[in-house]
Amino acid sequence: VQLVESGGGLVQPGGSLRLSCAASGFTFSSYFMSWYRQAPGKERELVATITSAGGRTNYADSVKGRFTISRDNAKNTVYLQMNSLKPEDTAVYYCNARLAVRNYWGQGTQVTVSS
């Protein structure tokens, strides 16, 4: 099982980034997919979740209206479009796959929002 995140980097406040997470080794289309983030000195927090077929999404209040989670089951990939980025969005962003007791994590990608 592999989850490989990409797309992180340094961006100015107000800017945008799109994170990608490429999955392999499991039946991607059966799993709920989520993005979490962890800032230095803080606990990991849930950012967004999308159901297996992509019909429903949920977001943390702090990112509603700015971030969009989506998935392409043909490409085994989940995305996080992040707009209007703020310094407080700075964190390592992790991709997560979940189905019942199965729970997989990626290695994370750093997002830094700074001028």
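The structure displayed is predicted, hence computed values, not measured ones.

Enquirer: Quick rundown of the sheet that holds strand β8 (residues 77-82)? Include the residues and the values.
Expert: On the basis of which strands lie adjacent, the open sheet formed by 4 strands has the order β1-β3-β8-β7 and antiparallel pairing. In this open sheet, the two strands that pair with only one neighbour each are β1 (2-6) and β7 (67-72). Strand-to-strand twist across the sheet, computed as the mean angle between neighbouring axes with direction ignored, equals 15°. The pairing of β7 with β8 spans 6 bridges and is classified as antiparallel.

Enquirer: I'd like a rundown of the nonpolar core, residues and numbers included.
Expert: Grouped together as the largest cluster of nonpolar side chains are 29 residues, with contacts concentrated most on M33, W35, V78, L80, M82 and Y93. Put simply, the parts of the chain that give this core at least two residues each are β3 (17-24), β4 (32-38), β5 (45-50), β7, β8, β9 (91-99) and β11 (109-113).

Enquirer: Report on the environment of L80, specifying residues and quantitative values.
Expert: Positionally, L80 belongs in strand β8. Given the relative accessible area of 0%, L80 is considered buried. It is 6.7 Å that separates the C-alpha atoms of L80 and F67, two residues lying 13 residues apart in sequence. Discounting residues that sit within four places of it in the chain, L80 has contacts with L17, R18, L19, W35, V47, A48, F67, T68, I69 and Y93.

The rules we used
- Every chain's residues receive numbers from 1 upward, in the order its sequence appears when written.
- The model is predicted, so local features are restricted to residues of pLDDT at least 70 and side-chain atom pairs to those at 80 or more, both for listing and for counting; the totals for chains, interfaces and linings are taken over all residues.
- Side-chain measures were taken over the full set of non-hydrogen atoms in the model, leaving aside hydrogen atoms and water.
- DSSP bridges decide pairing: two strands pair if at least two such bridges lie between them.
- A helix here means a DSSP run of H or I that spans at least four residues, while a strand means a run of E at least two residues long, and both kinds are numbered starting from the N terminus.
- Fitted lines through C-alpha atoms give the axes, limited to the stretch in contact for helices. The angle between two N-to-C directions lies from 0 to 180 degrees.
- Put simply, a nonpolar core is a bunch of buried Ala, Val, Leu, Ile, Met, Phe, Trp, Tyr and Cys residues held in one set by side-chain atoms that sit within 4.5 Å of each other.
- The cut-offs for exposure are 20% and 50% of the maximum accessible area for each residue type, with area from a 1.4 Å probe on protein chains only; residues under the lower value are buried, those over the upper are exposed, and the others partly exposed.
- We call two residues contacting when some pair of their heavy atoms lies within 4.5 Å.

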